Amino acid sequence: MISKLAALLPDLSPWRSSRDFRLLWGQGLITYFGSVMAMVALPLQIKDLTGSPLAVGAMGAVELVPLVVFGLYGGALADAVDRGKVIVLTEAGLGLLAVVLLVNATLPEPLLWPLYVVAAGVAALAGLQRPALDSLLARIVPHDQLAAAAALNALRWQAGAIAGPALAGLVVAYAGNVPAYATTVVCFVLSVLMCLRLSPVPPVDNAAKPSLRGIAEGARYAWSRPVLLGTYAVDLAAMFFAFPNTIFPFLAQELDADWSLGLMYAAGSVGSLVVSLTSGWASRTRRHGLLVVFGATGWGLAIAAAGWTSNVWLVLLCLALAGAGDMLSGLGRSTIWNQTIPDELRGRLAGIEVLSYSIGPQLGQVRAGAMAGWSGVRPAIWTGGLACVASVGLLAAALPKLLTYDAHTDEDARRRAAHHTAPDT
């Protein structure tokens, strides 16, 4: 019995085998904690300044173009230069934007337009950074530990996502935006110091310079792989239709439970954390495409249920279940990406990955805000959840190779395993 329970615990092999993985894990936890503090404070500040769900949802609109442009360029950049340098410079830039939020919050009458400018700047820098971060994992972790590394990374994000929103909700409610933004600044300073300790990660030999032709080459590769295409499409659809986070301040108000705002932001991560803490099975899983589809379907059903109920505790439970589904889907996506993509294309494909899991939430914010302004907050949530389930079903039917993906038999996964070089400890 004890051995069976132990088999469910997270596989810690990546921590033991890679110093750089340990550094990135700790840096990511600190960064995410600070980012989530700002993520809660920023939409709430816009709500307080405007009182408009559409104004809050407009954050997604101003973030969209920078995310697309810099996400694609960041992917090409990650294949051409030292990925560690890209991470350090963009992390420093994100810290400077946090300073802008802090300074604006200290004004007697904080301005609205800097909030949108910072939101666009964060999207641009995140677009540059995420391909370098995501493409780094396969260079620093052994191939047979990629699923375990994905689970540990998810555990890191969830720890920050649970503590950050819960604390941010209390800090903003009782102390204001200034302490929340100040915490974000401190976290980014610590993160930059840790990133400076990363080992150099030079590009592969004869790496091409960033160019539109190189970006197009990555796009053609992704389009030619139905499994990869399916992971992008499922995540994009799920987030577009069922990402209601931007209207949580209005949902908490409608339920007469303003105290629950931080918990709403954290609930999904609680569900994800439960899956991560029992993720020992992930290293033995082969059918990662099934995880993507089943997880996204569960996400949509749980979001729909959260929109139907008027009991705040049931809403929080549904959001936690949604987070568990999202974790399953994300674990499947991350493992497929790292198992199948060749290293010379990894940065550019990571740029496309950034678009797939970032554009969806940005457009989802716009959809949720506009829908809430037209039909009400709760209908905007439950209709989106049902649309998510329907779209995932259609995509699974249109891309059957995603459902049949097997890590032991997939040609790209076997080729990647044969060429993988284990990192130094």
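Because the structure is a prediction, the values reported are computed rather than measured. (Residues numbered from 1 in each chain as written. Predicted model: local features only at pLDDT ≥ 70, side-chain atom pairs only at ≥ 80, totals over all residues. Heavy atoms only, no water.)

**Re the overall build of the chain**
Okay, step 1: Within the chain, the regular secondary structure consists of 18 helices and 0 strands.
Okay, step 2: Relative to a compact globule of 425 residues, whose C-alpha radius of gyration would be 22 Å, the chain shows 20 Å and is just as compact.
Okay, step 3: Considered along the principal axes of its C-alpha atoms, the chain spans approximately 60 × 50 × 40 Å.
Okay, step 4: The 425 residues of the chain split such that 57% are buried.
Okay, step 5: Nonlocal contacts in the chain, meaning residues at least 24 apart in sequence, comprise 88% of its contacts between residues at least 6 apart.
Okay, step 6: Per element, the accessible surface of the chain, about 17,500 Å² overall, is 69% carbon and sulfur.
Okay, step 7: Looking at charge distribution, the chain has the averaged site of its 27 positive side-chain charges lying 6 Å from that of its 25 negative ones. (Helix = DSSP H or I, 4+ residues; strand = E, 2+ residues; numbered from the N terminus. Rg over C-alpha atoms; globule rule 2.2 N^0.38 Å. Buried < 20%, exposed > 50% of the residue type's maximum accessible area, 1.4 Å probe, protein only. Contact = heavy atoms within 4.5 Å. Areas by Shrake-Rupley, 256 points an atom, 1.4 Å probe, with all protein chains shown as cover. Lys, Arg positive; Asp, Glu negative; His and termini not counted. Charge placed at Lys NZ, Arg CZ, Asp CG, Glu CD.)

**Some words on the packing of helix 4 (residues 53-80) against helix 6 (residues 113-140)**
Okay, step 1: At a minimum axis separation of 7 Å, helix 4 and helix 6 run at an interaxial angle of 35°. Between helix 4 and helix 6 the crossing geometry is right-handed.
Okay, step 2: Looking at the contact of helix 4 with helix 6 residue by residue, the class counts come to 17 nonpolar, 5 polar and 1 charged. (Axes fitted to C-alpha atoms, helices over the stretch in contact; angles between N-to-C directions. Left-handed = near helix turned anticlockwise from the far one by under 90°. Nonpolar A, V, L, I, M, F, W, Y, C, P; charged D, E, K, R; others polar.)

**A few points about the layout of surface pockets**
Okay, step 1: Its boundaries defined by the atoms lining it, the largest pocket holds a volume of some 360 Å³.
Okay, step 2: Taken together, 17 residues form the lining of the largest pocket, with G169, A173, D258, W259 and L261 sitting closest to its centre.
Okay, step 3: Broken down by secondary-structure element, the contributors of at least two residues to the lining of the largest pocket are helix 3 (19-50), helix 7 (146-175), helix 11 (248-254) and helix 12 (261-277).
Okay, step 4: No other element matches the 7 residues that helix 7 contributes to the lining of the largest pocket.
Okay, step 5: Split into classes, the residues belonging to the lining of the largest pocket amount to 12 nonpolar, 3 polar and 2 charged. (1 Å grid on protein atoms, 1.4 Å probe; cavity = no way out; pocket = protein on both sides within 12 Å on 5 of 7 lines; lining within 4 Å. Points joined across faces, edges and corners; volume = space filled by probe spheres on them.)

**Points about the environment of L291**
Okay, step 1: Checked against the element boundaries, L291 lands in helix 13 (residues 288-308).
Okay, step 2: A relative accessible area of 15% means that L291 is categorised as buried.
Okay, step 3: It is 24 Å that separates the C-alpha atoms of L291 and G307, two residues lying 16 residues apart in sequence.

**Quick look at helix 5 (residues 83-105)**
Okay, step 1: A rise of 1.5 Å per residue sets the reference length of helix 5, with its 23 residues, at 33 Å; its end C-alpha atoms lie 33 Å apart and thus fit the reference within 8%.
Okay, step 2: The backbone nitrogen of G84 lies 2.8 Å from a side-chain oxygen of the residue at the head of helix 5, namely D82. (Expected span 1.5 Å × (residues − 1). Polar contact = N/O pair within 3.5 Å; in protein donor to acceptor, adjacent residues only side chain to side chain.)

**Digging into the pattern of salt bridges**
Okay, step 1: As enumerated under the stated definition, the model contains 5 salt bridges in all.
Okay, step 2: With a closest N to O distance of 3.2 Å, D20 and R19 form a salt bridge.
Okay, step 3: Here R348 ties to E217 by a salt bridge, and the two come within 3.2 Å at their closest N and O atoms. Of this pair, R348 sits in helix 15 (residues 343-375) while E217 sits in helix 9 (residues 212-223); the two residues are 131 residues apart in sequence, bridging distant segments of the chain. (Salt bridge = Lys/Arg side-chain N within 4 Å of Asp/Glu carboxyl O.)

**Side note on the confidence of the model for the chain**
Low-confidence regions, as indicated by low pLDDT, have predicted coordinates that should not be scrutinised in detail.
Okay, step 1: Residues with a pLDDT of 70 or more make up 92% of the chain, whose mean pLDDT is 84.
Okay, step 2: Across residues 421-425, where pLDDT falls below 50, the model places 10 contacts with residues more than four positions away in sequence or in other chains. (pLDDT = per-residue confidence, 0-100.)

**Observations concerning the nonpolar core**
Okay, step 1: Counting residues in each nonpolar core, the largest one holds 80 residues, and the members touching the most others are M264, W299 and L349.
Okay, step 2: Every residue in contact with M264, bar those within four places of it in the chain, is listed here: F248, L251, A252, L255, V312, L316 and L319.
Okay, step 3: In this structure, I87, L136, I140 and C195 belong to the second largest nonpolar core, which totals 23 residues. (Core = buried A, V, L, I, M, F, W, Y, C linked by side-chain atoms within 4.5 Å.)

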